[in-house]
Amino acid sequence: MAKAAKTLEASFEELELIIGQLENPEVSLDDSFKLYNAGMKLLKSCNDSIDKVEKKILVLSEEGEPDEL
């Protein structure tokens with residue numbers, strides 16, 4: 001069974017949690033690096049999702065424009 005994709009909102013919430021953990025001075029350097037990598041993967045996923053939505057909006061807006069004479 002395929003893993004369901006996270007919503008953009010869920011990814012942003014997870015990013016907020018990661019940022020909060022990174023701001024904790026008691027987190028080790030190794031854990032900080034792991035958190036940073038997890039955050040960067042989430043950020044890339046968010047950017048990819050936003051790009052897909054932007055492309056869909058462009059296609060829809062082009063389809064809705066009347067043809068020029």
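In the block above lies the structure referred to throughout.
Rules behind the numbers
Residues numbered from 1 in each chain as written. Predicted model: local features only at pLDDT ≥ 70, side-chain atom pairs only at ≥ 80, totals over all residues. Heavy atoms only, no water. Core = buried A, V, L, I, M, F, W, Y, C linked by side-chain atoms within 4.5 Å. Buried < 20%, exposed > 50% of the residue type's maximum accessible area, 1.4 Å probe, protein only. Helix = DSSP H or I, 4+ residues; strand = E, 2+ residues; numbered from the N terminus. Contact = heavy atoms within 4.5 Å. Salt bridge = Lys/Arg side-chain N within 4 Å of Asp/Glu carboxyl O.

### Some words on the nonpolar core
Grouped together as the largest cluster of nonpolar side chains are 5 residues: L15, I18, L35, L42 and C46. Breaking this core down by element, the ones donating at least two residues are α1 (8-22) and α2 (29-64). Leave out the neighbours within four places in its chain, and L15 touches G39, L42, L43 and C46.

### What about the pattern of salt bridges?
For the structure shown, the criterion picks out 2 salt bridges. The partner of K34 in a salt bridge is D30, and the shortest N-O contact between them spans 3.4 Å. Here D30 and K34 lie together in helix α2, a separation of 4 residues that amounts to about one turn. K34 gets classed as partly exposed once you look at its relative accessible area, which sits at 49%. On the accessibility criterion, D30 (46% relative accessible area) is partly exposed. A salt bridge links K44 to D48; the shortest N-O distance between them is 3.0 Å. Of the two residues, K44 and D48 both sit in helix α2, 4 residues apart, roughly one turn of that helix. Given the relative accessible area of 53%, K44 is considered exposed.

Read these as spatial facts, not as claims about activity.
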